[in-house]
Every structure is written in structure tokens, then in C-alpha cells.
Amino acid sequence: MKKKNQKRNEVLKQKSAIETLSFQTNWGLKKLGGEDGEKYGELAKVEVDYITELGLVQDILSIKELVDGIRNEFQVEPCVELGDFCNSLVTIALGIGRLGSIKDMGLPNDWNELIRKKLLKIYYPDEVRNKIFEWAKASGYNTSTYLGQPIVKFSKLFVLLERDV
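Each chain carries its own residue numbering, running from 1 in the direction its sequence is written. Confidence filtering applies because this is a predicted model: local features only for residues at pLDDT of at least 70, side-chain atom pairs given and counted only at 80 or more, and all residues used for totals across whole chains, interfaces and linings. Side-chain measures here rest on the full set of heavy atoms in the structure, leaving out hydrogens and waters.

Draft legend 1. Spotlight on the nonpolar core. With 35 residues, the main nonpolar core has L21, I60, I63 and W111 as its most contacted residues. Segments assigned H or I by DSSP are reported as helices when at least four residues long, segments assigned E as strands when at least two residues long, and all are numbered from the N terminus. When contributions to this core are tallied by element, the ones reaching two or more residues are helix 1 (2–33), helix 2 (37–53), helix 3 (57–74), helix 4 (89–94), helix 5 (111–117), strand 1 (119–125), helix 6 (126–138) and strand 4 (158–164). Note on contacts: a residue pair qualifies if any of its non-hydrogen atoms lie within 4.5 Å across the two residues. Residues in contact with L21, not counting those within four places in the same chain, are V48, I51, V57, I60, L61, V90 and L94. Core analysis: the next-biggest nonpolar cluster, separate from the first, contains six residues, Y40, A44, L89 and A93 among them. Buried Ala, Val, Leu, Ile, Met, Phe, Trp, Tyr and Cys residues form a nonpolar core when they are joined through side-chain atoms within 4.5 Å. Relative accessibility thresholds used throughout: buried, under 20% of the residue-type maximum; exposed, over 50%; partly exposed, between the two (1.4 Å probe, protein chains only).

Next up, the structure:
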């Protein structure tokens, strides 16, 4: 009986995470696209479904939490049009990737390719990048370095904090 309840709780937790990702994506699209936000909603729904199939929902929500924490602590945003999250409606809507305008988005991300790549880049201004890494470490994120570059590790994706030079 205990095992059954545990499995049920995991299913409910996953369902809640998917609903959270969908809601926050739709909310972000409406804020970014104004009246056009709904036009992008169907495309984003397909991407959320794909992210769900690949088991990346929790990673994406955790990366959003990291970016939001950085925004609150340092009043900085990821650099515009740089990094691996700039061609995803979901990550743009969540504030993880940034474009000058949502209409400037190129071909959508191939999430399978990003999983294979594993190290995904988010660019921050040079003067705060190291402080961001120290803050992430102090805030309990799983951090490491790769060839001297700071990384924040999630279950399937690793975020490389790059400098905008």
C-alpha cells in the first residue's frame, strides 16, 4: 500500500509540474506578445508536450527558478539573443532565453539535440558572472566547473554560465 501511495504522489507531482510549466509559459507569452501571445500558445503547447515526453519539465522549472533568483539578487537578465535558450517559446516565455522581440525567433530548439549537447549556455554580463556562480553555490544549487567555466547541474541538463564580452 505504501508503495502505491508513493507512486501516486510521484504521478501527482509530475502532473502539477506540467501544469505549472504550461501556465507559466502561457502567462509569459501573453506578457511578451500582447495580443499576439495567444497566436504562439498552440506552438508553445506542442513544445511543452515535447519537453514533457523528454522528461525535462522539472529541469526547465528549476532553471527558471535559478534565473528568477539571479534576477532578484543581482537585478540582471540573461543577455539578449545569446545562449541556447533563445529559440524556444517556452524558455523565452519563462525568461530563461531572451530576444529583442518574440517575432525575431528563429527555428525552434531541437530538445533532443540539446539533451545530447548537455552543456547549455546562458550568458550574463561579465562583471556579475562569477558573483552569480557563487550565489548559486551558496543557494544550494549543484555547481561545478568544466574547463574552468562555472556550471549549474540539473538532472538532465547542465547550464554553463558564460560571460557576455
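The rest of the description comes next.
Draft legend 2. Local environment of the sheet that holds strand 3 (residues 149–153). Here a strand pair is declared whenever DSSP counts at least two bridges between the two strands. Across the sheet, which stays open at both edges, the four strands sit in the order 1-4-3-2 with mixed pairing between neighbours. Edge positions in the sheet fall to strand 1 and strand 2 (142–146), since each of these pairs with one other strand and no more. Each strand axis lies, on average, 35° off the axis of its neighbour in the sheet, ignoring direction. Examined bridge by bridge, strand 1 and strand 4 share seven bridges and lie parallel to one another. Where helices are involved, their axes are fitted lines through C-alpha atoms of the stretch in contact, as for all axes, and angles between N-to-C directions lie from 0 to 180°.

Draft legend 3. Representation of the packing of aromatic side chains. Any two rings among Phe, Tyr and Trp, with Trp reduced to its six-membered ring, count as a pair given centres within 6.5 Å; such a pair is stacked if its planes are under 30 degrees apart, edge-to-face if over 60, and tilted if neither. Counting across every chain of the model gives four aromatic pairs. For the pair F23 and W27, a centre-to-centre distance of 6.3 Å together with 20° between the ring planes defines the contact as stacked. Placement of both F23 and W27 in helix 1 is noted, with a separation of four residues, approximately one turn of the helix. For the pair formed by F23 and W27, the shared burial category is exposed. Consider the rings of Y141 and F154, whose centres lie 6.4 Å apart with planes at 70°: the pair is edge-to-face. Placement of the pair is Y141 in the loop between helix 6 and strand 2 and F154 in the loop between strand 3 and strand 4, with a sequence separation of 13 residues. Taken together, the ring pairs connect F74, W135, Y141 and F154 into an aromatic cluster. Placement of a charge over a ring requires the Lys NZ or Arg CZ to be within 6 Å of the ring centre, with the centre-to-atom vector within 35 degrees of the ring normal. Its end group placed over the ring of F158, K118 keeps NZ or CZ at 5.4 Å from the ring centre. Between the NZ or CZ atom of K153 and the centre of the ring of F158, over which it lies, the distance is 5.8 Å.

Draft legend 4. Representation of the environment of R129 in the model. With respect to the element layout, R129 can be found in helix 6. Note on R129: relative accessible area 3%, which makes it buried. Setting aside its immediate chain neighbours within four residues, R129 contacts Q149, P150, L161, E162 and R163. A distance of 3.1 Å separates the side chain of R129 from the side chain of N130, its partner in a polar contact. Here a polar contact is taken to be a pair of N or O atoms separated by no more than 3.5 Å, where protein atoms must pair a possible hydrogen donor with a possible acceptor and residues adjacent in sequence count only if both atoms sit in side chains.

Draft legend 5. Expanded view of the pairing of strand 3. Judged from the five bridges that link them, strand 2 and strand 3 form a sheet pairing that is antiparallel. Looking at the pairing, T145 lines up with P150 of strand 3. Of the strand pairs in this sheet, strand 3 and strand 4 are connected by three bridges, and their pairing is antiparallel. By the bridge assignment, I151 is partnered in strand 4 with L160. Connecting strand 3 to the antiparallel partner strand 4 that follows it, the hairpin turn spans four residues.

Draft legend 6. Region of interest: the side chain of S88. Within the fold, S88 resides in the loop between helix 3 and helix 4. Within polar-contact distance, the side chain of S88 engages the side chain of E47 at 2.4 Å.

Draft legend 7. Representation of helix 6. Listed in full, the buried residues belonging to helix 6 are V128, R129, I132, F133, W135 and A136. Across the axial projection of helix 6, the buried residues extend over an arc of 165°, all falling on one side. In helix 6, the exposed positions angled more than 90 degrees off the buried face are occupied by E127, K131 and A138. Check the buried side of helix 6 and you find it contacts helix 3, strand 1, strand 2, strand 3 and strand 4. One or two steps after helix 6, the chain reaches G140, where phi turns positive at roughly 95°. This arc is built from the directions going out from the helix axis to the C-beta atoms.

By themselves, these figures tell us nothing about what the structure is for.
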